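Read off the chains here:
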Number of protein chains: 2
Amino acid sequence: MTDVAKNGPWGTDRPIGVAVLGMGNVGTEVVRILRDHADELRSRVGAPVLLRGIAVRDSSIDRGVPAELLTTDAHALVARDDVDLVVEVIGGIDPARSLILAALNAGKSVVTANKALLADYTGELAAAAEHHRADLYFEAAVAGAIPVVRPLIQSLSGDRVDRVVGIVNGTTNFILSAMDETGADYSATLAEATSLGYAEADPTADVEGYDAAAKAAILASLAFHTRVTAADVYREGISKITAEDLETASALDCTVKLLAICERVGAGPGEPAREHGGKERVSVRVYPALVPRRHPLAAVSGAFNAVVVEAENAGRLMFYGQGAGGAPTASAVLGDLVMAARNKFFGGRAPGESVYAELPIAPIGDTPTRYHVNLQVEDVPGVLAKVAGEFANHGVSISTVRQEGHGEGARLVVVTHCAMESALADTVAALAEMTSVTSVTSVLRLEGTEE
Amino acid sequence: MTDVAKNGPWGTDRPIGVAVLGMGNVGTEVVRILRDHADELRSRVGAPVLLRGIAVRDSSIDRGVPAELLTTDAHALVARDDVDLVVEVIGGIDPARSLILAALNAGKSVVTANKALLADYTGELAAAAEHHRADLYFEAAVAGAIPVVRPLIQSLSGDRVDRVVGIVNGTTNFILSAMDETGADYSATLAEATSLGYAEADPTADVEGYDAAAKAAILASLAFHTRVTAADVYREGISKITAEDLETASALDCTVKLLAICERVGAGPGEPAREHGGKERVSVRVYPALVPRRHPLAAVSGAFNAVVVEAENAGRLMFYGQGAGGAPTASAVLGDLVMAARNKFFGGRAPGESVYAELPIAPIGDTPTRYHVNLQVEDVPGVLAKVAGEFANHGVSISTVRQEGHGEGARLVVVTHCAMESALADTVAALAEMTSVTSVTSVLRLEGTEE
């Protein structure tokens with residue numbers, strides 16, 4: 001048995017009562033681990049960890065747990081005197097929000113995996129936790145089993161994070177990886193992902209980037225000590241990515257990934273980011289982008305997740321693992337649960353919210369990026385010069401331009417240097433108006449390259 | 001400014017006094033960050049963080065800091081009433097051990113990067129911390145800036161870690177990467193590493209695996225809730241690795257890495273590891289091994305570090321980044337410092353030592369591994385059968401055997417299936433005695449493959 005001294009108000013025999021709200025994929029695994037590993041959890045916490053009840057929508061279904069553990073009255077379960085710690089794995093805003101607030105207001109610890117709720121309501125939840133000296137943990141809300149929330153809050157708390165770039169949605173990464181491997185188009189690949197269980201019946205939240213945007217808001221809040229909500233995140237999904245885009249990517253020795261990017265940018269367009277003294281802004285965005293195959297994120301395939309963090313002193317760090325699924329997400333929930341239970345036992349506290357920096361959010365137009373533009377053009381002399389001139393008119397510097405094909409198949413492939421998103425978007429709009437440009441066939445951003 | 005509520009006994013104006021012990025690479029960076037980022041640290045902690053003094057061996061050297069901060073009396077600095085938190089970056093056992101104990105015994109928080117000390121004295125230090133309700137943090141002791149200590153202690157505290165495999169020494173990884181790229185031999189590459197500052201004048205601690213063994217002891221202790229010391233770690237260095245070994249590796253589409261491996265093994269040789277109820281043992285070892293190029297650790301080159309953690313529910317996680325150097329290590333130290341300072345301010349506590357499992361250490365002979373053996377043999381009929389028979393005699397199953405060359409250059413290249421280390425070692429010893437075997441030219445373990 002444990003040889004740690006008992007320090008808190010808790011006795012070694014006084015159990016820590018746990019309520020689990022929701023019994024989907026994650027809830028089922030959390031309940032399994034709580035029941036199967038009760039002895040190990042007791043040793044790690046210092047006191048028994050007892051499952052008091054599970055809130056479900058329909059308590060008549062046989063879920064392989066004693067029926068007396070199930071209840072449809074989640075609020076009554078949270079309010080029970082013998083519940084010290086609440087695990088919220090229902091998801092969505094309501095009733096998760098009111099249940100978590102009820103728990104925190106009663107001084108109970110909360111562990112949640114609810115990214116949508118946290119992306120918009122962390123301020124309210126953190127204030128309740130602070131006021132009632134309660135713990136709020138949410139490692140499982142971003143990138144499943146991969147420890148990334150705790151490293152950002154704790155390990156990097158003495159460093160200055162410049163940039164966080166991640167693949168944080170397994171569904172879209174599965175689809176893009178499959179399109180890259182098979183050459184199939186988006187809708188066929190989505191159908192396959194749905195049949196394999198990698199995409200939900202209504203895939204909107206995943207494929208349109210809402211899930212990734214919620215996670216980006218959480219990551220940016222932690223990285224930059226600034227409250228960022230989902231509405232602050234510029235968002236494009238993957239539903240317009242074509243088989244031709246993947247082909248284009250391959251030709252450039254790249255692949256296409258849906259990236260969540262959080263970074264410090266300058267106080268104004270073109271100004272440097274490394275301005276101390278509150279002059280900086282924060283850019284948070286989610287979109288599909290070309291990533292060079294030699295970049296570590298390009299190798300993250302299937303339903304895996306990875307997050308790259310760049311900090312002033314730590315340099316570049318990468319965290320990789322399973323970003324979703326019942327057991328991996330439950331691992332993160334249980335880690336938080338053990339820490340929250342140990343805090344009860346030893347009298348510790350979870351770190352609170354840190355939003356002192358209050359950096360403004362930069363609009364997408366002020367974000368520096370690179371474009372890869374595919375144009376169908378008239379096969380006449382001077383078209384390259386005209387197109388190049390349009391880039392110059394908007395102050396966008398070209399890295400490479402390549403002319404391909406002849407006659408009706410004549411194409412220009414342009415890769416720009418880094419420029420402001422607004423200038424790039426304006427350039428593309430102007431190109432579409434040019435008489436010598438038949439059509440703008442694809443526009444993809446390029447990430448993971450220098451300049 | 002911060003909007004967090006003040007909760008602890010600390011007022012927002014009462015500073016947290018810091019003593020830094022040692023001003024080498026890491027200490028210099030810690031001092032720089034403490035001084036340059038004082039405002040940001042204050043916002044993150046909730047109270048000012050003030051550098052009270054720096055203990056150095058020679059206070060007459062100009063170190064770019066005000067002379068009044070420097071002292072040669074480390075014990076007096078630690079004992080100062082206005083010192084609340086001690087950063088130990090001297091390294092080695094003494095006087096680091098007595099200084100840390102003095103700080104903890106006075107209820108002061110300690111942040112240390114001292115792997116050699118922790119590998120042997122964590123029990124003593126953790127007991128002092130526990131007794132005096134003081135914090136002991138040591139993220140920087142393993143893998144520099146890469147958060148791996150905190151994820152193991154906290155994030156994975158509700159999971160069951162089966163295996164930790166890491167490249168945790170930058171010097172040896174630099175040398176092995178360079179040998180792999182250039183084909184140069186060990187001594188020439190070591191000389192180059194020394195001239196570039198990647199190896200110390202006396203490289204023994206790095207190249208003979210002592211540094212990696214200390215880190216392996218720390219990782220195994222955390223992963224398996226069992227106190228593991230450096231003496232428990234089986235250790236082989238890289239000084240006997242030859243250019244031919246790297247050639248052999250390349251021919252197998254492998255490279256050679258110095259690995260720190262911590263894993264659960266069965267209660268007896270050949271027994272399965274997944275026996276709950278205290279029957280398992282722990283194997284901790286450091287040695288150079290063949291790693292397939294497609295394995296994520298094979299891509300970790302130069303002075304970088306990476307740690308792969310395999311857990312029952314989380315699955316496989318990987319952490320990657322800069323494992324050494326002043327600024328990256330200082331990043332980890334400062335993260336711990338901010339957490340320890342926040343604990344002072346908010347009344348929190350660092351998680352204490354968890355060694356309840358007390359798993360026995362398995363001797364190296366009982367460890368399952370695979371061998372790759374190169375033999376120079378007589379070019380006579382039946383030699384392959386004889387050699388294969390010797391493996392069978394020791395109960396070792398062969399995966400592949402290949403005969404190469406003729407006459408005096410005749411060679412056999414044998415790759416085994418997974419077997420007990422003792423059986424493999426006995427097989428190699430018996431092969432060396434065979435008359436038809438001219439010499440055993442190389443024996444390398446093979447990691448990162450199935451079976």
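Residues numbered from 1 in each chain as written. Chains lettered and ligands numbered in written order. Predicted model: local features only at pLDDT ≥ 70, side-chain atom pairs only at ≥ 80, totals over all residues. Heavy atoms only, no water.

A. Geometry of the relation of the copies chain A and chain B. With an RMSD of 0.0 Å, chain A superimposes on chain B once it is rotated by 180 degrees and translated 0.0 Å along the axis. Given the turn and translation reported, the copies of this chain are related as if by a two-fold rotation axis. By C-alpha distance to the rotation axis, the residue of chain A lying nearest is G348(A), at 2.1 Å. (Least-squares fit on C-alpha atoms with pLDDT ≥ 70 in both.)

B. Spotlight on the UniProt feature "binding site: NADP(+)" (unreviewed entry) in chain A. Residue and element names in this part refer to chain A. Per the UniProt record, "binding site: NADP(+)" (unreviewed entry) is annotated on L21, G22, M23, G24, N25, V26, G27 and T28. Of note, G24 is situated in the loop between β1 (16-21) and α1 (25-36). Mapped onto the elements, G27 comes out in helix α1. In this structure G27 comes out as buried when scored by relative accessible area, which is 0%. For G27, the contacting residues outside a window of four places in its chain are V20, G22 and V89. (UniProt positions renumbered as here; feature names shortened; annotations may be inferred. Helix = DSSP H or I, 4+ residues; strand = E, 2+ residues; numbered from the N terminus. Buried < 20%, exposed > 50% of the residue type's maximum accessible area, 1.4 Å probe, protein only. Contact = heavy atoms within 4.5 Å.)

C. Representation of the sheet that holds strand β1 (residues 16-21) of chain B within the structure. Residue and element names in this part refer to chain B. What the six strands build is an open sheet, ordered β3-β2-β1-β4-β5-β6; its pairing is parallel. Of all the strands in the sheet, just β3 (70-71) and β6 (136-137) have a single pairing partner and so form its edges. As paired elements, strand β2 (residues 49-55) and β3 share two bridges and run parallel to each other. In the strand pairing of β3, I54 is matched with L70. (Pairing = 2+ DSSP bridges.)

D. Structural context of the environment of A430(A). All names here are of chain A. Structurally, the position occupied by A430 is in helix α14 (residues 421-433). Residues A430 and N393, 37 residues apart in the sequence, show an inter-C-alpha distance of 9.8 Å. Leave out the neighbours within four places in its chain, and A430 touches E390 and H394.

E. Spotlight on the pattern of salt bridges. Residues and elements named next belong to chain A. For the structure shown, the criterion picks out 56 salt bridges over all chains. Residues E40 and R44 are paired through a salt bridge, measuring 3.6 Å at the closest nitrogen-oxygen approach. On the criterion of helical spacing, the pair formed by E40 and R44 is a turn pair, its members being four residues apart in helix α2 (residues 38-45). Among the residues examined, R44 registers a relative accessible area of 4% and is labelled buried. (Salt bridge = Lys/Arg side-chain N within 4 Å of Asp/Glu carboxyl O.)

F. How the structure looks around the nonpolar core. Counting 162 residues, the largest nonpolar core has V142(A), L152(A), V161(A), L152(B) and V161(B) as the members making the most contacts within it. Setting aside residues no more than four positions away along its own chain, L152(A) makes contact with S157(A), V161(A), L219(A), L222(A), A223(A) and V309(A). (Core = buried A, V, L, I, M, F, W, Y, C linked by side-chain atoms within 4.5 Å.)

G. A look at the packing of aromatic side chains. Residue and element names in this part refer to chain A. What the rule picks out here adds up to seven aromatic pairs over all chains. With 4.2 Å between their ring centres and 20 degrees between their planes, F174 and Y198 make a pair best called stacked. Of this pair, F174 sits in helix α7 (residues 170-182) while Y198 sits in the loop between α8 (186-195) and α9 (204-207); the two residues are 24 residues apart in sequence, bridging distant segments of the chain. By relative accessible area, which is 13% here, F174 ends up buried. On the accessibility criterion, Y198 (38% relative accessible area) is partly exposed. One cation-aromatic arrangement involves R235 over Y210; the distance from NZ or CZ to the ring centre is 3.8 Å. The aromatic ring of Y287 is capped on one face by R445, whose charged end is 4.1 Å from the ring centroid. (Phe/Tyr/Trp six-rings, centres within 6.5 Å; stacked < 30°, edge-to-face > 60°. Lys NZ or Arg CZ within 6 Å of the ring centre and 35° of its normal.)

H. Highlighting the UniProt feature "active site" (unreviewed entry) in chain A. Residues and elements named next belong to chain A. The positions that UniProt labels "active site" (unreviewed entry) are, in the present scheme, K215. Among the secondary structure elements, K215 is positioned in helix α10 (residues 210-224). On the basis of relative accessibility, which here comes to 5%, the residue K215 falls in the buried class. In this view, K215 contacts K115, A141, V142, V168 and N169; residues no more than four positions away in its chain are not counted. Polar contacts involving the side chain of K215 include one to the side chain of D211, which spans 2.7 Å. (Polar contact = N/O pair within 3.5 Å; in protein donor to acceptor, adjacent residues only side chain to side chain.)

I. Fine view of helix α8 (residues 186-195) of chain B. Residues and elements named next belong to chain B. Within the sequence span of α8, burial applies to Y186, T189, L190 and A193. On an axial view of α8, the arc spanned by its buried residues comes to 100 degrees, and they lie on one face. The inward-facing, buried residues of α8 contact α7 (170-182) and α9 (204-207). Looking at the residues trailing α8, positive phi occurs at G197, about 85 degrees. (Arc of directions from axis to C-beta.)

J. Local environment of the confidence of the model for chain A. Residues at a pLDDT of 70 or more form 96% of chain A, whose mean pLDDT is 93. Contacts from residues 1-7 of chain A, a stretch scored under 50 in pLDDT, to residues over four places away or in other chains number 18 contacts. (pLDDT = per-residue confidence, 0-100.)

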